[in-house]
Amino acid sequence: MNRMKRFAVAIAAGLATTVAVGPAVALVQSYDPSLIAYSYVYYADAEKTEVLGYAWDNCVSGIGGHVWVQKPYIPTPYYDETPAYVCSGMGPWLPPDW
């Protein structure tokens, strides 16, 4: 699945889980939280009526196979985040239960 398609799926899932946050939280807790990458929708206001933009985390691997999640700069404190994928040494992957 290409990157933009994953992002679109993550955004759609985010919109669906905005109402039902409980199941998404339960799924995320079964993986190493430091390796979960998120997609974001950020807003101009606390009521989340004006969308300013979209962003997503990136998986980064360094020397010795160390893997981490690089977070984007989000210029506002008003945003929704949705689990998008899990980072690993073999690249990002979607868990079967997501």
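Shown above is the structure to which this text applies.
For the structure given in this document, a descriptive report is provided here. This structure is a prediction, so every number in the text was calculated from the model and none was measured.

Here is what the cut-offs are and how they apply
- Residues numbered from 1 in each chain as written.
- Predicted model: local features only at pLDDT ≥ 70, side-chain atom pairs only at ≥ 80, totals over all residues.
- Heavy atoms only, no water.
- Helix = DSSP H or I, 4+ residues; strand = E, 2+ residues; numbered from the N terminus.
- Buried < 20%, exposed > 50% of the residue type's maximum accessible area, 1.4 Å probe, protein only.
- Core = buried A, V, L, I, M, F, W, Y, C linked by side-chain atoms within 4.5 Å.
- Disulfide = S-S within 2.5 Å.

Right, let's talk about unusual backbone geometry for a bit. The backbone phi angle of Lys 48 is positive, close to 60°, even though this residue is not glycine. Secondary-structure assignment places Lys 48 in the loop between β1 (36–43) and β2 (51–56). The class of Lys 48 is partly exposed, set by a relative accessible area of 34%.

With that settled, the discussion passes to the nonpolar core. Ranked by internal contacts, the top residues of the largest apolar core, which has 15 residues, are Ile 36, Ala 37, Tyr 40, Tyr 85, Val 86 and Cys 87. Secondary structure elements with two or more residues in this core: β1, β4 (67–70) and β5 (79–86). Looking at this core, the element that brings in the most residues is β1, giving 5 residues.

A disulfide bridge is the covalent bond that connects two cysteines by way of their sulfur atoms. Counted by the stated rule, this structure contains 1 disulfide. A sulfur-sulfur separation of 1.9 Å characterises the disulfide bridge that pairs Cys 59 with Cys 87. Across the S-S bond of Cys 59 and Cys 87 the torsion is about -80°, and the bridge reads as left-handed. Residue Cys 59 is found in strand β3 (residues 58–61), and its partner Cys 87 is found in the segment after β5; the two are separated by 28 residues along the sequence. Looking at Cys 59, the relative accessible area reads 28%, which means it is partly exposed. For Cys 87, a relative accessible area of 2% translates into the label buried.

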